[in-house]
Amino acid sequence: MTKVLVIGAGGVGSVAVHKMASLPEVFSSITLASRRISSCDKIAKSVQERFGVKIETFEVDADILEDTVSLLNKVKPDLLVNLALPYQDLVLMDACLKVGVHYLDTANYEPRDQAKFEYRWQWEYQDRFEDAGLMALLGSGFDPGVTNIFTAWLKKHHFDTIETLDILDCNGGDHGHPFATNFNPEINIREVTAPARHWENGHWVETPALSHKKSFDFPSVGERNMYLMYHEELESLVKHLPEMKRARFWMTFGDAYLTHLEVLQNVGLTSIEPITYKGQEIIPLQFLKAVLPDPGGLGERTKGRTCIGNIVTGEKDGSRVTKYLFNVCDHEKCYREVGSQAVSYTTGVPAMIGAALMLQGVWKGKGVFNMEQMNPDPFMDMLNVHGLPWEVRELTSPLDF
Ligand code: NDP
C-alpha cells in the first residue's frame, strides 16, 4: 500500500494525478490538496470518469506551515509531490521534515519578491533530510527533469566526457489566442524576462534577456527561432558534471509572443514591484495573470507539437561525437488522453515517474538530490511506456553557433 499526497491542482497537478491513477499497482492511494478545493474536485471528477479511481481531496494553504503539517498528519502519505508554485517549496520541505515524509517537486524555490530562482535554498536542506533518513528529489518535470536525465543517460551510455551541452526547448503549438502563456503566467513571464545566463569555461556569462537568437530545424515541428535563456537545470548540471566547458539553454518564441511581451514590459505590467491602485496595493504581474487566459483552459484549443531535447558534444573512445536526444509531444493527443495540453503533460508525466520510482524504492537516498544524480535507465524506460517516447540521433557536426 503506497500513499501519495499531491499538493497543487493546476495544469501539472492534473496530469500527474491522472497518470498516477492509471497506475494503481504503484499509486494505491492518491490524495490531492490545493488552495481551492474546487480545483481538486474538478480533477477528482475527471479521474473518476476516465479511470474509475476515487481520489481524496483537501483544501490547504501551503504557505502556512502548521496547516500543511496538520494535513500531512491527517493523510500520512509516504511521499509528498509538490506541484504548487515554486514559492511553496521551502514550507513543504519543512513540513516533510516535521512529519517524516519524502518530498518531490518540479521547480526550484523562488522568493515572491525577487525574480531569482536558485537551488541554494533547497540544497541547504541536505543535512536535515539526510539526518532524518528522508529523500527530497528536486526538479522532476521536463526541464528541469527529463533534460537532466537525458544528460545523465548520454553521459552513462554514449560519452566518456561531455564538452558542451545545449538544451533546446521548442513549443511549436498554437492556442489561437493573441497572447497567453503555456503555464502559470507569473512564473513564465518572470523566467522569460530575466537576463540570459550560460556556463562557459568555468564562469557564468550573463547577457540581456532575449538578445541571442538562432534558428533551428526541430524534428516534427520545423524551423523555429530560439533564444538563449537561463534555466534552472543549468545550475545543478554544471555542479554535477564539472567537466562541461559550456552549457546553454534555448527556448523558442514566436514574433507575436515577443511583441506582446515587449509592450507589456514597456507599460510596466510585468513588474513585481507593488503599486497602489485605488487605495489597494497590487503587483502588476499578478494583475496581468488575472486578465490573461488560464493556461489550464488552453488544452482544448492547442494544436501542434513540442520538441525538447539535448545536443551534447564530447569524446567517446578517443573520437569526437555529437548526439541529439529529444522527445516530441503532440498537444491534441495529450488533451485526448488526460484533458491537458503538452506543456502540462510533459511536466506531469515525469513528476509521476519520479514519484513512482521513489515509492517503489528503485530510486532511494538520504538527502536532497537533483535528477542527474539518480540512475537514468529506469526513468528513460518509463518515459517510453508512459507517453513521452524519446529518440537519439547522431549528428555529423556540433552546433556551429
Ligand atoms: P498552475 O498555476 O496551473 O497551478 C498551480 C497550483 O498550485 C494551483 O492549483 C494553485 O491553487 C496551487 N497553489 C498555488 N498557491 C498555493 C498555496 N499557497 N497552497 C496550495 N496550493 C497552491 O501551475 P502549473 O500547474 O503550470 O505549474 C505547477 C508547477 O510546475 C510550478 O511550480 C511550475 O513552475 C512547475 N513547472 C515545471 C516545469 C518543468 O518542466 N520542470 C514546466 C512547467 C511548470 P488553486 O488553483 O487551487 O488556487
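The structure presented is a predicted model; accordingly, all values stated were derived computationally and were not measured.

## A word on the nonpolar core
Part 1 of the argument: Of all hydrophobic cores here, the largest spans 88 residues; its most connected members are Val4, Met20, Phe27, Val81, Leu137, Trp363 and Phe379.
Part 2 of the argument: With eleven residues, the top contributor of residues to this core is helix 13 (residues 342-359).
Part 3 of the argument: Mapped onto the domain boundaries, this core takes at least three residues apiece from domain 1 (3-138) and domain 2 (146-337 + 389-395).
Part 4 of the argument: Judged by nonpolar contacts, the second largest core, of 28 residues, contains Ile7, Phe58, Ala62 and Leu92.

## Some words on the packing of helix 13 against helix 14 (residues 376-385)
Part 1 of the argument: Put simply, helix 13 and helix 14 touch, their axes get as near as 10 Å, and they point 135 degrees apart. The angle between helix 13 and helix 14 falls in the class oblique. Considering how the two elements wind past one another, helix 13 and helix 14 form a crossing that is right-handed. Of the residues in helix 14, those touching helix 13 at Pro350, Ile353, Gly354, Ala356 and Leu357 are Pro378, Phe379, Met382 and Leu383.
Part 2 of the argument: Residues that form the contact of helix 13 with helix 14 fall into these classes: eight nonpolar, one polar and no charged.

## Focus on the pairing of strand 10 (residues 213-218)
Part 1 of the argument: By the bridge criterion, six bridges tie strand 10 to strand 11 (residues 222-229) in an arrangement that is antiparallel. Bridging from a neighbouring strand, Lys213 pairs with Tyr227 of strand 11.
Part 2 of the argument: The turn linking strand 10 back onto strand 11 is made up of three residues, and Ser220 within it adopts a positive phi angle of 65 degrees.

## Considering the domain arrangement of the protein chain
A common way to express how large an interface is: the accessible area buried when the components associate.
Part 1 of the argument: Structurally, the protein chain comprises domain 1 (3-138) and domain 2 (146-337 + 389-395).
Part 2 of the argument: Between the C-alpha centres of domain 1 and domain 2 the distance comes to 24 Å.
Part 3 of the argument: Tallying the contact residues gives 19 residues for domain 1 and 14 residues for domain 2.
Part 4 of the argument: Buried area between domain 1 and domain 2, summed over both chains or domains, comes out near 1,500 Å², and the portion from carbon and sulfur atoms is 48%.
Part 5 of the argument: By the criterion of area lost to domain 2, the three top residues of domain 1 are Phe117, Tyr119 and Trp123, representing 38% of everything that side buries.
Part 6 of the argument: Connecting domain 1 to domain 2 are two salt bridges.
Part 7 of the argument: The shortest N-O distance in the salt bridge between Glu110 and Arg190 comes to 2.5 Å.
Part 8 of the argument: At the junction of domain 1 with domain 2, the criterion picks out nine residue pairs in polar contact (both at pLDDT 80 or more).
Part 9 of the argument: In the side of domain 1 that touches domain 2, the residues fall into nine nonpolar, three polar and seven charged.

## Examining the environment of Leu134
Part 1 of the argument: On the secondary structure map, Leu134 appears in the loop between helix 6 (126-132) and strand 6 (135-138).
Part 2 of the argument: C-alpha separation for the pair Leu134 and Lys303, spaced 169 residues apart in sequence, amounts to 41 Å.
Part 3 of the argument: Residues in contact with Leu134, not counting those within four places in the same chain, are Cys96, Leu97, Gly100, Val101, His102, Phe129, Gly365, Lys366 and Gly367.

## Some details on unusual backbone geometry
Part 1 of the argument: Cis peptide bonds are those with omega within 30 degrees of zero, and the linkage from Asp143 to Pro144 qualifies with 10 degrees.
Part 2 of the argument: Of note, Pro144 is situated in the loop between strand 6 and helix 7 (146-158).
Part 3 of the argument: The phi dihedral of Asn201 is positive, around 50 degrees, even though this residue is not glycine.
Part 4 of the argument: Mapped onto the secondary structure, Asn201 falls in the loop between strand 8 (196-200) and strand 9 (203-207).
Part 5 of the argument: Here Asn201 falls in the exposed class, since its relative accessible area comes to 54%.

## Digging into the packing of aromatic side chains
Part 1 of the argument: Taken as a whole, this structure holds 16 aromatic pairs when the rule is applied.
Part 2 of the argument: Arranged with centres 5.5 Å apart and planes meeting at 5 degrees, the rings of Trp363 and Phe379 form a pair that is stacked. Within this pair, whereas Trp363 is found in the loop between helix 13 and strand 17 (367-370), its partner Phe379 is found in helix 14, the two being separated by 16 residues in sequence.
Part 3 of the argument: Residue classification places Trp363 among the buried positions, given a relative accessible area of 2%.
Part 4 of the argument: A connected cluster of aromatic rings, assembled from ring pairs, spans Phe117, Trp199, Trp204 and Tyr230.
Part 5 of the argument: The side chain of Lys239 reaches across the aromatic face of Trp123, ending 4.0 Å from its centre.

Rules behind the numbers
- Residues numbered from 1 in each chain as written.
- Predicted model: local features only at pLDDT ≥ 70, side-chain atom pairs only at ≥ 80, totals over all residues.
- Heavy atoms only, no water.
- Core = buried A, V, L, I, M, F, W, Y, C linked by side-chain atoms within 4.5 Å.
- Buried < 20%, exposed > 50% of the residue type's maximum accessible area, 1.4 Å probe, protein only.
- Helix = DSSP H or I, 4+ residues; strand = E, 2+ residues; numbered from the N terminus.
- Domains from an automatic or database assignment.
- Axes fitted to C-alpha atoms, helices over the stretch in contact; angles between N-to-C directions.
- Parallel < 35°, antiparallel > 145°, perpendicular 65-115°, else oblique.
- Left-handed = near helix turned anticlockwise from the far one by under 90°.
- Contact = heavy atoms within 4.5 Å.
- Nonpolar A, V, L, I, M, F, W, Y, C, P; charged D, E, K, R; others polar.
- Pairing = 2+ DSSP bridges.
- Buried area = accessible area lost by both parts, 1.4 Å probe.
- Salt bridge = Lys/Arg side-chain N within 4 Å of Asp/Glu carboxyl O.
- Polar contact = N/O pair within 3.5 Å; in protein donor to acceptor, adjacent residues only side chain to side chain.
- Phe/Tyr/Trp six-rings, centres within 6.5 Å; stacked < 30°, edge-to-face > 60°.
- Lys NZ or Arg CZ within 6 Å of the ring centre and 35° of its normal.

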